[in-house]
Amino acid sequence: MTHYVIIGDGISGSSAAETLREKDPEAKITVITDEGEPLYNRILIKEHAKGKLPEAPISIHDEGWYEERDIDLSLNTHVTSVDTDARIVHTHEGDELEYDKLLVATGGTPTQLPVDNSDADGIHHFWTFQDARAIREHADQADKGVIVGAGLLGIDFAAVCGAQGIEADYLMRGDRWWRYALSADGAEIMHEGMRDVGVEPVFDSGVDRFETDDDGHVTAAVDPNGERYDCDFAGVAIGLTFNTEYLQGAGLEEDNGIVVDEYMQTNVDDVYAAGDITRFYDVLLGEQAQNGSWGSAKEQGRIAAVNMAADEEAEAFEWVSSYSITHFDFPFLSFGHPTLGDEHAERKYSDTEWRRIAFKDGKIVGGVLIGDLSPQSKFKQLMREQREVADQAEVLLEQEVDLDELAAPQEQ
Amino acid sequence: MASSELPSSEHASRPLRLECVESIPAGTTTRHVDQLDTETLDTFYAALDGDRSLLEADTDLEIGEVIVFTEYYRVDHV
């Protein structure tokens, strides 16, 4: 009987466990997680932190879900090391689990700001359900906030402050939010959304240090210009540090994440990886890439499991990801790899509608839609077809995108 | 409370509507739009814009569930 061990019970690990049970009914399956609760909806925890959504709808699986599928679930269990020669996983309690095939799906941990007092009370990072509970409880009592991290994770803190009535300053190092994917026009729509909920963007700023009171609670952030921002609540979201410490000595190739091919295989036999932690081979992009979206992580878990169960390269990961921000009156969606590309096209349609498309070698590799998200499926289709369309950007920037208006693809 | 009624033009499937709700009871199945497949997402956007009828057979939406978008929308029969 094959023993599959999965480290991590996020959406990729859980998706893999479910698929493995379907593909290999007789196998032994073990899922290990350092969290104290089974899979929950990581996308919706921000709604809980905002004070809008109760806890119950956020839970996805209870322990009975694993029992029904004869999957061993180990909660609150830290993996300390993996011996890939002996095929053994070591845990903090001294247990040793032998595996035939291993899936690493441990994701990341929020990166802490390397400044004084960054661990003070009242300074939050946002990744787990426990984080969301603490943020909700504190935000409900806070009056003045500071937010750090001008990206997709940081803006969740802006939404929390807005929903919880915290007047906040959003300190950004550059001249706009998510400067790697948005031009000034697109970013300004997002800035207006922040201002509408009581969050003021502050540009060419950041944090040099935090100040605290005698009890160790944050009282202010001081930026590199010497400006002081009072706060009794702070949210920091400057990125993720991937959880690979326990893999030291395991021989896995890493490059700011675990390197896998399109079958989710690492360089070590019978060791696979899935989810945020991977630097995977993106067959559409033609190079290694990373992605932190829910759909991508779920699909990577499924693909890894299919190939683990088949014991061959049965199915490749081919996916166009998307990530929405739904905190404001207008929606926002990024798809593919909007920060990559060698060419870009963009247009503003109104005060709340904007579109930007990124091309590489003439093909769409990603983009951002604000306000009107309706073209998303057409752009994803063009990405999957790998059509060279950069020279027809005008068609793609029409308010109503009609793919029939594109010139027919050239015969290869 | 706003609602967007989406009558069916054909009878291939029962028509659905998306009702904007302020709060979500504890036992309600809830999904974020990022959990919808591309086709359902397209239909969802179009239905909100009033451009397309929302038919049960065209989506993987379930009666009674709530979809989190810029508002919370409960899926119901028309």
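Quick notes on the rules
Residues numbered from 1 in each chain as written. Chains lettered and ligands numbered in written order. Predicted model: local features only at pLDDT ≥ 70, side-chain atom pairs only at ≥ 80, totals over all residues. Heavy atoms only, no water. 1 Å grid on protein atoms, 1.4 Å probe; cavity = no way out; pocket = protein on both sides within 12 Å on 5 of 7 lines; lining within 4 Å. Points joined across faces, edges and corners; volume = space filled by probe spheres on them. Nonpolar A, V, L, I, M, F, W, Y, C, P; charged D, E, K, R; others polar. Helix = DSSP H or I, 4+ residues; strand = E, 2+ residues; numbered from the N terminus. Buried < 20%, exposed > 50% of the residue type's maximum accessible area, 1.4 Å probe, protein only. Contact = heavy atoms within 4.5 Å. Pairing = 2+ DSSP bridges. Right-handed = clockwise from strand over helix to strand, strands pointing away. Expected span 1.5 Å × (residues − 1).

Student: Help me out: how do you make sense of empty space enclosed by the protein in this one?
Tutor: Think of a ball as big as a water molecule: rolled over the atoms, this probe shows where empty space is left. Residues and elements named next belong to chain A. A full pass over the atoms with the stated rule returns one cavity of 30 Å³ or more. The wall of the largest cavity is formed by Pro110, Thr111, Phe126, Trp127, Leu153, Val236, Ala237, Ile238, Gly239 and Leu240. Of the residues in the lining of the largest cavity, the class split is eight nonpolar, two polar and no charged.

Student: Quick question: what am I supposed to make of the environment of A:Glu353 here?
Tutor: Residue and element names in this part refer to chain A. Relative to the elements of secondary structure, Glu353 occurs in strand E25 (residues 353-360). Residue classification places Glu353 among the partly exposed positions, given a relative accessible area of 21%. Residue contacts for Glu353: discarding those within four places in its chain leaves Ile189, Lys348, Ile370, Gly371, Asp372 and Gln399.

Student: Mind showing me how you'd approach the pairing of strand E12 (residues 199-202) of chain A here?
Tutor: Residues in a regular strand project their side chains so that they alternate between the two faces of the sheet. All names here are of chain A. Two strands pair when backbone bridges link them, and strand E11 (residues 167-171) and E12 are joined in this way by four bridges, in the parallel orientation. Bridging from a neighbouring strand, Tyr170 pairs with Pro201 of E12. The β-α-β motif built from E11, the intervening helix H6 (residues 184-196) and the parallel element E12 has right-handed crossover chirality.

Student: Just checking my understanding: could you explain helix H7 (residues 294-310) of chain A for this structure?
Tutor: Residue pairs three or four apart in sequence face the same way in an α-helix, which turns once every 3.6 residues. Residue and element names in this part refer to chain A. Helix length check: H7 (17 residues) gives 25 Å between terminal C-alpha atoms against 24 Å at 1.5 Å per residue, within 8%. Among the 17 residues that make up H7, 13 are buried, leaving the element largely enclosed by the rest of the structure. Count one or two residues on from H7 and you reach Asp311, which has phi positive near 60 degrees.

The values reported here are purely geometric and, on their own, carry no functional implication.
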